[in-house]
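Commentary on secondary and tertiary structure
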Amino acid sequence: MITAEHTSMNKAPYFAGYGKEAYEVIPTSSILASQRTLSEEKEQAREETVGEPFVDAPRMTCRGVDVWYGDKQAIMDVNIDIGKNQVLAMIGPSGCGKSTFLRCLNRMNDTVPICRVGGEIILDGMNIYDKKIDVVPLRAQVGMVFQKPNPFPKSIYDNIAYGPKIHGLVNNQAETDEVVEYSLTRAGLWEEVKDRLDQPGTGLSGGQQQRLCIARAIAVRPEVILMDEPCSALDPIATATVEDLIDELRQQYTIVIVTHNMQQAARVSQRTAYFHLGKLIEVGITDQLFTNPGHQLTEDYITGRFG
Amino acid sequence: MVSIQGRKKKSVQQWKYMSDNMSDTEEKKVPTRASAMERVQLGLAKRRRKEERFRKLSFSAVILSLSFLVLLFASIISNGWPAFQRTDILLDIHFDSEVLDVDSLVKANYGKLVKQSMRELLPDVTSRHNKREMYRLVSSGASYELQKMVVADPTLIGKTVSLWLPADDLPDMLMKGKINRNLPETERPISDKQIQWIDQLIAQGRLEQHFNTTFFQAGDSREPELAGIRGALTGSMLTLFVTLLLSFPVAVAAAVYLEEFAPKNRWTDLVEVNINNLAAVPSIVFGLLGLAVFLNFFGMPRSSPLVGGVVLSLMTLPTIIIASRASLKAVPPSIREAALGVGASKMQTVFHHVIPLAMPGMMTGTIIGLSQALGETAPLLMIGMVAFIVDIPGSMTDPSTVLPVQIFLWADSPERAFVERTSAAILVLLMFLISMNGLAIYLRRKFEQRW
């Protein structure tokens, strides 16, 4: 699937072009000196990414992604492909930028006023940060599940029906019912809640709420689902249920999951990316990365030396 | 790292020094570890005493404020309660066709009818001076009531009817015990003879206290027994209606824009600071603005609820905006993220999720603002709502007054009977406020039940 040749072929032109362009696009009127140090760090980051960040038929392509919060650079020159119908896990110590990167993939970072994103994230041949791109269809295409279950304070039914309604995916009550049943079934929640769809979604247990949120994301028929530590607020049993669900959803959706739990990454993902201090250190097939890490930092992290 | 270590070392040294010092001076008292616990116990007692003292202080503060509140209510209610009763006099009115035989029934001399029946009631009063004193026992409003009756039903002419007609405020005060009959005659507003007649009428069962419907049905009057609060109440309602209609949508829209859509920059900071400052501007300044802009420049009608409402909504806007922004801020960001995550646009997120959740808080803010507006007097004085207005306003542009201004006007009147009416009007104002707050609580509950 991924060959060393392919990787190196891709690397050269992308790095030559995009790193530079990122700086031209982003207005960094701030201190020149810090720019120099940043670009030096970029040089390092470029060298440091080991493993196989690129795949043959990617669903999303990220090239030279930089993220700043004000003057602080949170993500440095990340280059990675997100493969179709597979689970990409992103691991790394706290504050390494994996969540920030995840939120770039459907432009959720737009809500943070001081956040600026450089580089390219390509979906269907278009840079999603292009001025022409409307975030509304983008977010319908790239859904998101958050760390803390956050159902709307409405009924279970309305939670699921909201997305399809605002996007005009359903025209009548029967279609809505169908979407609600389909989504809840896909999320493995239908049997548990089918008799109480009119009850508030906030009344469910934590694990059920998180599956409700997954169902809500599925309901708008996305192609990619981003999950930001979806199990961090759940107990082991609920976590196992959600993990099974993720594995099942992979047949139909492309999934990117951020997790603090390395066992979870090993269980659910096909590829794993290791982030460290805003840099993408290593990307590889999950089994390989955990058994035979290519970078010292990765090894230190997965063996529990820090993080 | 170095500095932290240094600090640690230093504090350890200090501690050692302190304990050395301690053992030097109080060696007998604190030689072992057990005695350290004793010291803690000592400090503990002190801490407990402090807490106890603070608790007692705050408890007494609550008691003090409660007692002031009770005092306030007791004085208002005890003063105002009698105003809901009015003394009426039972007169046998003969609708004399001779007296009423004029071109217009409105212009007839109804006072003559009242005087006639008074003379029949107390036949031994003969002298001119005494008669005049006797007539004063009946309110001047009695003849207006007769006029109204005859105009409504001309078949009354020629008949004799027993009617309860309003007595003057002096017998009213005497019956309510507000005039001390033991004072010498020159020191009370009512003469010995009048007291004698009043006693005579009471003995005949012709002077009684009835529920004061006039108080709720009439507008203002120079005669306390004829004065009512309906005019002021209607004026207050119309004014508040205008205020609500203007301030709620504008304030909510402003709050939503500032909180959800506006970029955070120097201009929005300036706007925010100014809104906060506006909330602290003395209300009479808004009255001056109303006078200068709405009355003098735009030529809107003076003393009208319309202008009053506009001025009061200017005054309440900052309050509602601040409260609405606070309640918008309190909506958890996870709800916004959830909505944005399924692809809702900014506006859909705000209108479908954020505003419904913030609505109870916004409504509370609105009610607080409106309560403030309801009790406001100063700005309305500037736009002429302080005038003596007898008619009950029928529209937004009719001259009118409002409850607090009415209270202010009555409190200024010299008649003894206006004191109780002032308190009664305060009671009505408080009831208005309480029912408004009750409505707000009801609406809020209802709104929250939707989720």
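The rules behind each value
Residues numbered from 1 in each chain as written. Chains lettered and ligands numbered in written order. Predicted model: local features only at pLDDT ≥ 70, side-chain atom pairs only at ≥ 80, totals over all residues. Helix = DSSP H or I, 4+ residues; strand = E, 2+ residues; numbered from the N terminus. Buried ≥ 20, exposed ≤ 12 C-beta atoms within 10 Å, placed from the backbone. Contact = placed C-beta atoms within 7 Å. Pairing = 2+ DSSP bridges. Axes fitted to C-alpha atoms, helices over the stretch in contact; angles between N-to-C directions. Domains from an automatic or database assignment. Nonpolar A, V, L, I, M, F, W, Y, C, P; charged D, E, K, R; others polar. Expected span 1.5 Å × (residues − 1). Arc of directions from axis to C-beta.

**Examining the overall build of chain A**
Along the backbone of chain A there are twelve helices and eleven strands. Put simply, chain A has 307 residues, and 48% of those count as buried. Considering only contacts within chain A whose residues lie at least 6 apart along the sequence, 72% involve residues at least 24 apart.

**Considering the sheet that holds strand β1 (residues 85-94) of chain B**
All names here are of chain B. Strand order in the open sheet formed by three strands is β2-β1-β3, and the pairing between neighbours is antiparallel. Two strands bound the open sheet, and with one partner strand each, they are β2 (160-166) and β3 (207-211). Here the strands of the sheet are splayed against their neighbours by 40° on average, with no regard to which way each runs. Alignment of β1 against β2, held across seven bridges, turns out to be antiparallel. Within the sheet, the bridge partner assigned to Asp-88 lies in β2 and is Pro-166.

**Remarks on the interface of chain A and chain B**
Contacts between chain A and chain B engage 22 residues on the former and 15 residues on the latter. Listed by contribution, the elements that provide at least two residues to the side of chain A that touches chain B are α4 (135-141), β7 (142-145), α5 (156-167) and α8 (206-219) of chain A.

**Remarks on the domain arrangement of chain B**
When the parts of a complex come together, some accessible area is lost, and that lost area is often used as the size of the interface. Residue and element names in this part refer to chain B. For chain B, the assigned domains read domain 1 (86-217) and domain 2 (230-449). Placing a centre on the C-alpha atoms of domain 1 and another on those of domain 2 gives a separation of 45 Å. Put simply, the parts of the chain that give the side of domain 1 that touches domain 2 at least two residues each are α7 (169-175) and α9 (214-217). A breakdown of the residues in the side of domain 1 that touches domain 2 according to their chemical character gives three nonpolar, one polar and three charged.

**Here's the deal with helix α8 (residues 192-203) of chain B**
Residues and elements named next belong to chain B. Taking 1.5 Å as the rise per residue, α8 with twelve residues should run 16 Å; its terminal C-alpha atoms sit 17 Å apart, in good agreement. Among all positions in α8, only Gln-194, Trp-197, Ile-198 and Leu-201 are buried. Along α8, the residues classed as buried sweep out an arc of 100° about the axis, all on the same side. Every exposed residue of α8 that faces more than 90 degrees away from the buried side is listed here: Asp-192, Gln-196 and Ala-203. The inward-facing, buried residues of α8 contact β1, α5 (128-135), α7 and β3. Phi turns positive, to about 75°, at Gly-205, one or two residues after α8.

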